[in-house]
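Listed below, chain by chain, are the residues.
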Amino acid sequence: MWCSRMALRRLQKIAVTPLNITGGLTSNIEREMSTLPRVYVTRQIPPEGLKILRKSGQVQFELWDSDDIPVPRKELLQKVKGVDGLLCTLTEKIDAELLDAAGPNLKVLSTMSVGFDHLSLDELKKRGIRIGYTPEVLTDAVAELTVALLLATSRRLIEATHEAKTGGWGTWRTLWLCGYELANSTVGILGLGRIGVAIAERLAPFKVRKFIYTDVAPRPELASAINAEYVSFDELAKQSDFLAVCCALTPETKEICNKNLFSKMKKTSIFINTSRGGVVNQEDLYEALSTGQIAGAGLDVTVPEPLPTNHPLFTLKNCVILPHIASASYITRDAMSSLAANNLLLGLRGQPMIKELKL
């Protein structure tokens, strides 16, 4: 497992060897450049990734030069025509329409994300397009944010800050803004992977009594690292004082967190999701929170994103919603962009990517 800080240093060194353009004449250089693979970058990615692309001398690339606004779909369909490689983020839907627009030259897709639910995998496989992605380098940042969100939700920090700012802070009261603590609790993990393990490692010093998890099958090697017990989906709901969702979004996990799950959870339990919004039925979650079926929820991901400001979940004091910032640390985002750039360059050279999604 890579620490994001160490991963960034390593990826800066891995950066594909720059192309040596010889000849010395401007016309020769221009001729060399015109034969290089064409790449479109769909977002102004963090500087380390762009630096790798520029210094490699192995591609000619164009990018949508904004980090605030995603490239409009119409613009994207125009820009991908005839490209050999595409570097995208999770905000771009890579489907049959886009792949048809790109044409047969497209051989490599590199996404600056660990999730790939924005990619039409069947269409990519059918066309023989290789896929690079960026797992592991964001594990530390996501685990840290998950713990922060869990504590903010369970100890009602957002509510408390609001009360302090708006005059609600009066005399000391015995049960005012009381929450739930981790000591002697049971923490459940839905989908035990690298991030789930990292979350448990950070929570263990809080004197958690027991870690439990469920997945498509037991994962004894990972579970042994945190002394976690494999349980059924129903038992995960029934036993967990804190339930952290860490699974990928797949057809099988779509809205898996619904009234069936919430109805089995304790009234004192805290639900946390930093995976993908699509794994939660938000109407059922609202019902569970508003009726006191569960104590609170912390969400870093929603459907849609951004979540409309008039969404019912925003009306609830016991629901903390963040704008999908789990991997948002400078080190991690630079590491993600560096890995995405290296994956792209290696793929275009026909070499093994550092992290390739095998279809």
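All figures in this text were calculated on a predicted structure; none of them were measured in a lab.

About the thresholds
Residues numbered from 1 in each chain as written. Predicted model: local features only at pLDDT ≥ 70, side-chain atom pairs only at ≥ 80, totals over all residues. Heavy atoms only, no water. Axes fitted to C-alpha atoms, helices over the stretch in contact; angles between N-to-C directions. Helix = DSSP H or I, 4+ residues; strand = E, 2+ residues; numbered from the N terminus. Parallel < 35°, antiparallel > 145°, perpendicular 65-115°, else oblique. Contact = heavy atoms within 4.5 Å. Nonpolar A, V, L, I, M, F, W, Y, C, P; charged D, E, K, R; others polar. Pairing = 2+ DSSP bridges. Buried < 20%, exposed > 50% of the residue type's maximum accessible area, 1.4 Å probe, protein only. Right-handed = clockwise from strand over helix to strand, strands pointing away.

Enquirer: Any chance you could explain the packing of helix α3 (residues 47–56) against helix α14 (residues 330–348) here in plain terms?
Expert: Helix packing geometry: the angle between the two helix axes and the distance between the axes. One way to put it is that α3 packs onto α14 with a least axis distance of 6 Å and a crossing angle of 30°. If you check the angle between α3 and α14, you find them roughly parallel. Counting all contacts with α3, which are made through Pro47, Glu48, Gly49, Ile52, Leu53 and Ser56, the residues of α14 involved are Asp334, Ser337, Ser338, Ala341, Asn342, Leu344 and Leu345. Looking at side-chain class alone, the contact of α3 with α14 contains six nonpolar, five polar and two charged residues.

Enquirer: I keep staring at the environment of Val108 and nothing clicks. Help me out?
Expert: Relative to the assigned elements, Val108 resides in strand β4 (residues 108–111). Val108 sits 25 residues away from Val83 along the chain, and the two C-alpha atoms are 9.5 Å apart. In this structure Val108 touches Asp84, Gly85, Leu86, Ile129, Arg130, Asn343, Leu344, Gly347, Leu348 and Met353, once residues within four positions along its chain are discounted.

Enquirer: Can you walk me through the sheet that holds strand β10 (residues 270–273) in this structure?
Expert: Whenever strands of a sheet pair, they do so through backbone hydrogen bonds, lying parallel or antiparallel. With parallel pairing, seven strands are arranged side by side in an open sheet as β8-β7-β6-β9-β10-β11-β12. Two strands lie at the open edges of the sheet, namely β8 (228–230) and β12 (319–321), each paired on one side alone. The sheet shows a mean angle of 20° between the axes of neighbouring strands, taken without regard to direction. In terms of strand pairing, strand β7 (residues 210–214) meets β8 through three bridges, oriented parallel. Bridging across to β8, Phe211 finds its partner in Ala228.

Enquirer: Could you clarify how one ought to interpret the pairing of β7 in this entry?
Expert: Successive side chains on a regular strand alternate, one facing one side of the sheet and the next facing the other. Burial of β7 is extensive: four of the five residues sit out of reach of the surface. Examined bridge by bridge, strand β6 (residues 186–190) and β7 share five bridges and lie parallel to one another. Bridge assignment links Ile189 to a residue of β7, and that residue is Tyr213. On the question of chirality, the crossover connecting β6 to the parallel β7 by way of helix α9 (residues 194–203) is right-handed. Read as a crossover between parallel neighbours, the route from β7 over helix α10 (residues 220–226) to β8 is right-handed.

Enquirer: Just to check I follow, could you spell out the sheet that holds strand β2 (residues 60–63) for this structure?
Expert: The strand order across the open sheet formed by five strands is β2-β1-β3-β4-β5, and the pairing between neighbours is parallel. Of all strands in the sheet, those bounded by a partner on one side alone are β2 and β5 (130–132). Across this sheet, the average inter-strand angle for adjacent strands is 15°, counted without regard to direction. Looking at chain direction, strand β1 (residues 38–41) and β2 are connected through four bridges and run parallel. Considered in β2, the bridge of Val41 is made with Leu63.

Keep in mind that these numbers describe shape and distance, not what the molecule does.
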